[in-house]
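# Summary of structural features
In case you want the letters, here they are:
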Amino acid sequence: MTPTASQPPGAGAWDGAMRQAMAVARGHASSVDVPVGAVVLGPHGEPVASAANEREARRDPTAHAEVMALRAAGRQLGRWRLDGCTLVVTLEPCTMCAGAIVLARLERVVFGAYDPKAGAAGSLWDVIRDRRLNHRPEVVGGVLADESGAMLRAFFEGQR
């Protein structure tokens, strides 16, 4: 765990939601899209929206699981401000997704596997908690990281 990511409150507090995100990733598994799943939880912990990575399927560079889930949550809630909501995603967000998380005014982002090559929630960069920005969601990293990482490794091994 990186020193900048907070621990989940209580052992396994986010495990159930992370398992939901992993199920979304598995449910949308294809041979071309990296299996990343995201779930947006409402202020009371209820699932509002979910999505998987669809960059290849949609031929859209912005179709990351996080962005797709934020779009769906905005439609479902009828607003772009997702204050009070939590995004749970199987892989640490990249810089694009981190920017979208900040702009959506999420209360929290919870992620599984760390991404030392492109992570922007504490690994390579820490965009989400950058003090220069007008909003800084709470970050909880490393939830079921081994399981999330194993799903990603299996995908990439299958690509070789």
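See above for the structure.
Let me begin by describing the structure that accompanies this report. No experiment lies behind these values; they were computed from the predicted model shown.

## Considering helix 4 (residues 95-103)
If you check which residues of helix 4 are buried, you get Cys97, Ala98, Ile101 and Val102. The arc that holds the buried residues of helix 4, viewed along the axis, is 140°, so those residues lie on one side. Looking at the buried side of helix 4, the elements it contacts are helix 3 (65-77), strand 3 (86-91) and strand 4 (108-113). Two residues or fewer after helix 4 comes Arg105, characterised by a positive phi angle close to 65°.

## Here's the deal with the sheet that holds strand 5 (residues 138-140)
On the basis of which strands lie adjacent, the open sheet formed by five strands has the order 2-1-3-4-5 and mixed pairing. Each end of this open sheet is capped by a strand with a single partner; those strands are strand 2 (47-52) and strand 5. The average undirected angle you get between the axes of adjacent strands in this sheet is 15°. Note that strand 4 and strand 5 share three bridges and pair parallel.

## A word on the nonpolar core
Formed by 32 residues in total, the largest nonpolar core has its most connected members in Val40, Leu87 and Leu106. For this core, the secondary structure elements donating two or more residues are strand 1 (37-41), strand 2, helix 3, strand 3, helix 4, strand 4 and helix 5 (145-159). Per element, the largest residue contribution to this core is six residues, and it comes from helix 3. Excluding its chain neighbours within four sequence positions, the residues that come into contact with Leu87 are Ala38, Val39, Val40, Glu66, Ala69, Ile101, Leu106, Arg108, Val109 and Val110.

## Examining the side chain of His64
When you line up the elements, His64 lands in the loop between helix 2 (55-58) and helix 3. Once you skip the residues sitting within four places of it in the chain, His64 turns out to touch Asn53, Arg55, Cys94, Met96 and Cys97.

## What about the packing of helix 1 (residues 15-27) against helix 5?
It is at 11 Å that the axes of helix 1 and helix 5 come closest, and there the two elements cross at 10°. Of the possible angle classes, the one that applies to helix 1 and helix 5 is roughly parallel. Residues Met18, Arg19, Met22, Ala25 and Arg26 of helix 1 lie in contact with helix 5, whose contacting residues are Glu147, Ser148 and Met151. Taken together, the residues of the contact of helix 1 with helix 5 sort by class into four nonpolar, one polar and three charged.

Scoring rules and cut-offs
Residues numbered from 1 in each chain as written. Predicted model: local features only at pLDDT ≥ 70, side-chain atom pairs only at ≥ 80, totals over all residues. Heavy atoms only, no water. Buried < 20%, exposed > 50% of the residue type's maximum accessible area, 1.4 Å probe, protein only. Helix = DSSP H or I, 4+ residues; strand = E, 2+ residues; numbered from the N terminus. Arc of directions from axis to C-beta. Contact = heavy atoms within 4.5 Å. Pairing = 2+ DSSP bridges. Axes fitted to C-alpha atoms, helices over the stretch in contact; angles between N-to-C directions. Core = buried A, V, L, I, M, F, W, Y, C linked by side-chain atoms within 4.5 Å. Parallel < 35°, antiparallel > 145°, perpendicular 65-115°, else oblique. Nonpolar A, V, L, I, M, F, W, Y, C, P; charged D, E, K, R; others polar.

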